[in-house]
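Descriptive analysis of the structure
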Amino acid sequence: MNLILLGAPGAGKGTQAAIICERLNIPTISTGNIIRAALKSGTEMGLKAKSYMDQGKLVPDEVVIGIIKERLAEDDCQNGFVLDGFPRTIPQAEALDKMVKIDKVIDLEVSDEAIIARMSGRRVCEKCGATYHLLYKKPKAEGVCDICGGTLIQRKDDHPDTVKARLEVYHKETEPLIAHYKKQGVVKRVDGQEEVADTTRLTLAALEA
Ligand code: AMP
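The structure presented is a predicted model; accordingly, all values stated were derived computationally and were not measured.

1. Quick look at the site of the ligand
In the region of the ligand, 16 residues are neighbours, and Thr-31, Arg-36, Lys-57, Gly-85 and Arg-166 sit closest. With respect to the ligand, the backbone of Gly-85 contributes an N or O atom lying 2.9 Å from a nitrogen atom. Taken by itself the ligand offers 480 Å² of open surface, and the protein chains cover 96% of this. At four residues, helix α2 (residues 31-40) tops the list of elements feeding residues into the shell around the ligand. Here the residues of the shell around the ligand are counted per class, giving six nonpolar, four polar and six charged.

2. As for the packing of helix α4 (residues 61-72) against helix α5 (residues 90-99)
At a minimum axis distance of 10 Å, the contact between α4 and α5 shows a crossing angle of 25°. Relative to α5, α4 is oriented roughly parallel. Along this stretch, α4 crosses α5, giving a crossing that reads as right-handed. On α5, the residues touching Asp-61, Val-64, Ile-65, Ile-68, Lys-69 and Leu-72 of α4 are Pro-91, Gln-92, Ala-95, Leu-96 and Met-99. Of the residues in the contact of α4 with α5, the class split is eight nonpolar, one polar and two charged.

3. Considering the pattern of salt bridges
Inspection of the entire model under this criterion finds 12 salt bridges. In this structure, the salt-bridge partner of Arg-71 is Asp-76, at a minimum N-O distance of 2.8 Å. Here Asp-76 falls in the partly exposed class, since its relative accessible area comes to 39%. Taking the shortest distance from any N to any O, the salt bridge between Arg-201 and Asp-198 comes out at 3.6 Å.

4. A short note on the nonpolar core
One broad rule of soluble globular proteins: the nonpolar side chains tend to lie buried together. Counting residues in each nonpolar core, the largest one holds 48 residues, and the members touching the most others are Ile-4, Val-82, Leu-83, Leu-96, Val-105 and Tyr-181. Leave out the neighbours within four places in its chain, and Val-105 touches Ile-4, Leu-6, Tyr-181, Val-186, Val-187 and Lys-188.

5. Details of α2
Residue pairs spaced three or four apart in an α-helix point in one direction, given the helix's 3.6 residues per turn. The set of residues buried in α2 consists of Thr-31, Gly-32, Ile-35 and Ala-38. Buried residues in α2, looked at end-on, bunch into an arc of 125°, giving them a common side. Looking one or two residues past α2, Gly-42 carries a phi angle of roughly 70°, positive in sign.

6. Focus: the environment of Gln-78
As for its placement among the helices and strands, Gln-78 is situated in the loop between α4 and β3 (81-84). Sequence-wise, Gln-78 and Glu-142 are 64 residues apart; in three dimensions their C-alpha atoms are separated by 39 Å. Residues in contact with Gln-78, not counting those within four places in the same chain, are Leu-72 and Ala-73. Looking at Gln-78, its side chain comes within polar contact range of the main-chain oxygen of Glu-74, at 2.6 Å.

7. What to know about the packing of aromatic side chains
Going through the model one piece at a time under the given rule, you end up with zero aromatic pairs. The cationic tip of Lys-137 hangs over the ring face of Tyr-132; the distance from NZ or CZ to the ring centre is 5.6 Å.

8. What to know about a nonpolar patch on the surface
On the surface, Leu-134, Leu-135 and Tyr-136 cluster together to form a nonpolar patch covering roughly 320 Å² of accessible area. Following the sequence through the fold, Tyr-136 ends up in the loop between β6 (131-133) and β7 (152-153).

9. Description of the sheet that holds β6
Spatially, three strands are ordered β6-β5-β7 in an open sheet, and the strand pairing comes out antiparallel. In this open sheet, the two strands that pair with only one neighbour each are β6 and β7. Alignment of strand β5 (residues 122-125) against β7, held across two bridges, turns out to be antiparallel. Counterpart to Val-124 in the pairing with β7 is Ile-153.

10. What about the packing of α2 against helix α3 (residues 44-54)?
When two helices pack together, their arrangement is given by the angle between the helix axes and by the axis-to-axis distance. Closest axis-to-axis distance for the α2/α3 pair is 7 Å, and the angle between their directions is 120°. For the pair α2 and α3, the crossing hand works out as left-handed. Along the contact surface, α2 presents Gly-32, Ile-35, Arg-36, Ala-38 and Leu-39, while α3 presents Met-45, Gly-46, Leu-47, Ala-49, Lys-50 and Met-53. Here the contact of α2 with α3 is composed, by residue class, of seven nonpolar, two polar and two charged.

Here is what the cut-offs are and how they apply
- Residues numbered from 1 in each chain as written.
- Predicted model: local features only at pLDDT ≥ 70, side-chain atom pairs only at ≥ 80, totals over all residues.
- Heavy atoms only, no water.
- Near = heavy atom within 4 Å.
- Polar contact = N/O pair within 3.5 Å; in protein donor to acceptor, adjacent residues only side chain to side chain.
- Areas by Shrake-Rupley, 256 points an atom, 1.4 Å probe, with all protein chains shown as cover.
- Helix = DSSP H or I, 4+ residues; strand = E, 2+ residues; numbered from the N terminus.
- Nonpolar A, V, L, I, M, F, W, Y, C, P; charged D, E, K, R; others polar.
- Axes fitted to C-alpha atoms, helices over the stretch in contact; angles between N-to-C directions.
- Parallel < 35°, antiparallel > 145°, perpendicular 65-115°, else oblique.
- Left-handed = near helix turned anticlockwise from the far one by under 90°.
- Contact = heavy atoms within 4.5 Å.
- Salt bridge = Lys/Arg side-chain N within 4 Å of Asp/Glu carboxyl O.
- Buried < 20%, exposed > 50% of the residue type's maximum accessible area, 1.4 Å probe, protein only.
- Core = buried A, V, L, I, M, F, W, Y, C linked by side-chain atoms within 4.5 Å.
- Arc of directions from axis to C-beta.
- Phe/Tyr/Trp six-rings, centres within 6.5 Å; stacked < 30°, edge-to-face > 60°.
- Lys NZ or Arg CZ within 6 Å of the ring centre and 35° of its normal.
- Patch = residues over 30% accessible without salt bridge, like charges linked within 9 Å, V, L, I, M, F, W, Y side chains within 5 Å.
- Pairing = 2+ DSSP bridges.

Here it is, written out as structure tokens:
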């Protein structure tokens, strides 16, 4: 199954993507994670993307389309995949339409107010990228990743001012994708719940429907 998780930054796409990919045994592809990895290893693409990311802006379409084209050509994507954070603009969706057929798009809906509250508590492992939350998904030891022992940090783009900028970008650039995929008849709306497990139940039901 070729899936897209659509929703504002902080709506919980990454968390749901990790659960779905384990259930369906397909990879998650997160352009945000790919860009952060490139930045960490100091590649030209990573350095170019940094200034956009730090300001809550989108990285240029041609850069992310190139990333996705290469990633979808890999062997592990041939039985399906979950896209998290791509596409984010109409040109990206149109480019993706030319590469693969999308079976379902989960539109994960969460209010801006809830997102701002959630994102201030989000922490990420600087080593392996695993995500945590100070209220909803605490690590076993404070500030330490359960998986690899790395240090947990707050991403620069999760700071409140940047979050507001990212939400503006989401409403302007990404929300129109819901209508784009509705035309293809593949959109399932899921209302994000307070508890991760409740959102997961609704998401899995939407995938089976
Ligand atoms: P994310 O982890 O998905 O929230 O992505 C973090 C940041 O990476 C975004 O705020 C953008 O600057 C950049 N980014 C990730 N995916 C995309 C995309 N599909 N198009 C443009 N920029 C992206």
